[in-house]
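Below, each chain spelled out in residue letters.
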Amino acid sequence: MTAMGFTIRPYHPSDLVELYRICLRTGASGEDASELYLDPDILGHYYAAPYAVGEPSLCFVLTNDGRPCGYILGTRDSKTFVDWCEHHWFPPLRERYPLPPVDDVSPDARMMRLIHAGYHPPEGLTEFPAHLHIDILPEGQGQGWGRALVQTFLKQLRALDVPAVHLGVGTRNHRAIQFYERVGFHKVQEHQEWIAFGMHLA
Ligand SMILES: CC(C)(COP(=O)(O)OP(=O)(O)OC[C@H]1O[C@@H](n2cnc3c(N)ncnc32)[C@H](O)[C@@H]1OP(=O)(O)O)[C@@H](O)C(=O)NCCC(=O)NCCS
């Protein structure tokens, strides 16, 4: 799939550092979070890298003239992913990032607490075993590449006989909320801070 230098291709291990960068540059409700975090890797440790490392066949990269500028990644089974992260992903990160003091309310401290808490698949979503994250740098947005990444990901899930997929989006990320509705997801849960979207794949 190519147009004006943009291409979607499967993840390659050399992309990992760019995945961290894209995660940070889209990590503030879709906007650049570089100024919010002292540690530029801490968002990617939680929201991007474990998926690419643990389930690389479900990671696809949007490139612009060969350079990664977006991704979609996720897991076919959230429960199995939680177990994998507990055994293979979080232990060294928990040593590297000790729990911060309770009065530290910085964004970095919030992420450190998430690393210690681990993943907890949201209750009530067991009928949607897969989940995903998608992030595109501004240069690739608004040209249909988000839709194309979702279609690529869903095709792979269908090939794996996955029945349904969910995702979470912050209530402040209005652009992403409209995007998910346009590409066929429906609201499954509404919380104060975030919305769960789902899609059945049969
Ligand atoms: C959200 C995001 C993935 C959307 O990808 P995109 O490539 O910009 O979206 P597309 O161009 O593929 O748009 C697909 C559809 O969504 C709609 N859409 C996208 N952005 C929209 C917006 N701001 N308002 C209304 N509709 C929007 C498009 O109109 C299009 O609908 P159509 O095909 O029926 O015309 C991308 O903008 C992004 O990565 N943003 C920053 C990171 C982020 O917020 N990630 C999600 C975190 S939960």
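Structure: above.
This text gives an overview of the structure that appears in the document. Remember, predicted model here, so these are calculated numbers, not experimental data. (Residues numbered from 1 in each chain as written. Predicted model: local features only at pLDDT ≥ 70, side-chain atom pairs only at ≥ 80, totals over all residues.)

### Quick word on the overall build of the protein
Using the following cut-off: Runs of H or I in DSSP of at least four residues are treated as helices and runs of E of at least two as strands, each being numbered from the N terminus. Within these notes, the globule rule equals 2.2 Å times the number of residues to the 0.38 power, and the radius of gyration is based on C-alpha atoms. Buried, partly exposed and exposed are defined by the number of other C-beta atoms within 10 Å of a residue's own C-beta, namely 20 or more, between the two limits, and 12 or fewer respectively, with C-beta atoms placed from the backbone. Distance between backbone-placed C-beta atoms decides contact: two residues are in contact if it is within 7 Å.
Tallying secondary structure elements over the protein gives 7 helices and 8 strands in all. For the protein, whose C-alpha radius of gyration is 16 Å, the value lies close to the compact-globule estimate of 17 Å for 202 residues. When its C-alpha atoms are laid out on the principal axes, the protein stretches across 45 × 40 × 30 Å. Per-residue burial over the protein gives 33% buried out of 202 residues. A separation of at least 24 residues holds for 69% of the contacts in the protein among residues at least 6 apart in sequence.

### Some remarks on the nonpolar core
Under the convention used in this document: We define the nonpolar core as any set of buried residues of the types Ala, Val, Leu, Ile, Met, Phe, Trp, Tyr and Cys, connected via C-beta atoms lying within 7 Å of each other.
Counting 44 residues, the largest nonpolar core has Ala48, Tyr71, Ile72 and Leu73 as the members making the most contacts within it. In this structure, Ala48 is in contact with Leu19, Tyr20, Cys23, Leu73 and His133, ignoring residues within four places of it in sequence. The next biggest cluster of nonpolar side chains, apart from the first, holds 5 residues, and it includes Phe81, Cys85, Trp89 and Phe90.

### Here we look at the environment of Tyr180
Here Tyr180 lies in helix 7 (residues 174–182). With 22 C-beta atoms counted inside 10 Å, the residue Tyr180 sits in the buried group. Taking the C-alpha atoms as reference, Tyr180 lies 16 Å from Thr26; in sequence the two are 154 residues apart. Look past the residues within four positions of Tyr180 in its chain and what remains in contact with it is Val169, Phe185 and Phe197.

### Describing the site of the ligand
Spelled out, the test is: Being near a molecule or strand means, for a residue, that its backbone-placed C-beta atom lies within 6 Å of it. Here the term charged refers only to Asp, Glu, Lys and Arg, the term nonpolar to Ala, Val, Leu, Ile, Met, Phe, Trp, Tyr, Cys and Pro, and the term polar to all other amino acids, Gly among them.
By nearness alone, 20 residues border the ligand, and Gly30, Ile136, Gln141, Gly146 and Arg182 come closest of all. Counting only elements with at least two residues in the shell around the ligand, the list comes to strand 5 (130–136), helix 6 (145–159) and helix 7. Residue composition of the shell around the ligand, grouped by class: 7 nonpolar, 9 polar and 4 charged.

### Examining unusual backbone geometry
Look at Asp65: it is not a glycine, yet its phi comes out positive at around 50 degrees. Secondary-structure assignment places Asp65 in the loop between strand 3 (60–64) and strand 4 (67–75). The backbone phi angle of Asp161 is positive, close to 60 degrees, even though this residue is not glycine. Within the fold, Asp161 resides in the loop between helix 6 and strand 6 (164–170).

### Quick notes on the environment of Ile136
Positionally, Ile136 belongs in strand 5. Assessed through the 22 C-beta atoms surrounding it within 10 Å, Ile136 is described here as buried. What Ile136 contacts, discounting residues up to four positions off in sequence, is Leu62, Cys69, Gly70, Gln141, Trp145 and Gly146.

### Quick look at the environment of Leu149
Locating Leu149 in the fold gives a position in helix 6. It is 8.1 Å that separates the C-alpha atoms of Leu149 and Val61, two residues lying 88 residues apart in sequence. Leu149 has contacts with Ile8, Phe60, Leu62, Gly70, Ile72 and Ile134, leaving out every residue within four places of it along the chain.

### Describing the pairing of strand 5
Rule in force here: Pairing between strands is defined by DSSP: at least two bridges between the two strands are required. When the strands point away from the viewer, a crossover counts as right-handed if the path from the first strand over the helix to the second runs clockwise.
Most of strand 5 is tucked away, with 6 of its 7 residues classed as buried. In the sheet, strand 4 pairs with strand 5 via 6 bridges, with the strands oriented antiparallel. Note that in strand 5 the partner of Gly70 across the bridge is Ile136. The pairing of strand 5 with strand 6 spans 2 bridges and is classified as parallel. Its bridge partner being in strand 6, His131 is matched across the sheet by His166. Between strand 5 and its parallel partner strand 6, the chain crosses via helix 6, and the hand of that crossover is right-handed.

### Description of helix 1 (residues 16–25)
For helix 1, the full list of buried residues reads Leu19, Tyr20, Ile22, Cys23 and Leu24. Looking at the buried positions of helix 1, the neighbouring elements they touch are helix 2 (42–47), helix 3 (49–54), strand 4 and strand 5.

### What about the pairing of strand 4?
Most of strand 4 is tucked away, with 8 of its 9 residues classed as buried. Hairpin connection of strand 3 to strand 4: 2 residues between the antiparallel strands, including Asp65 at a positive phi of 50 degrees.

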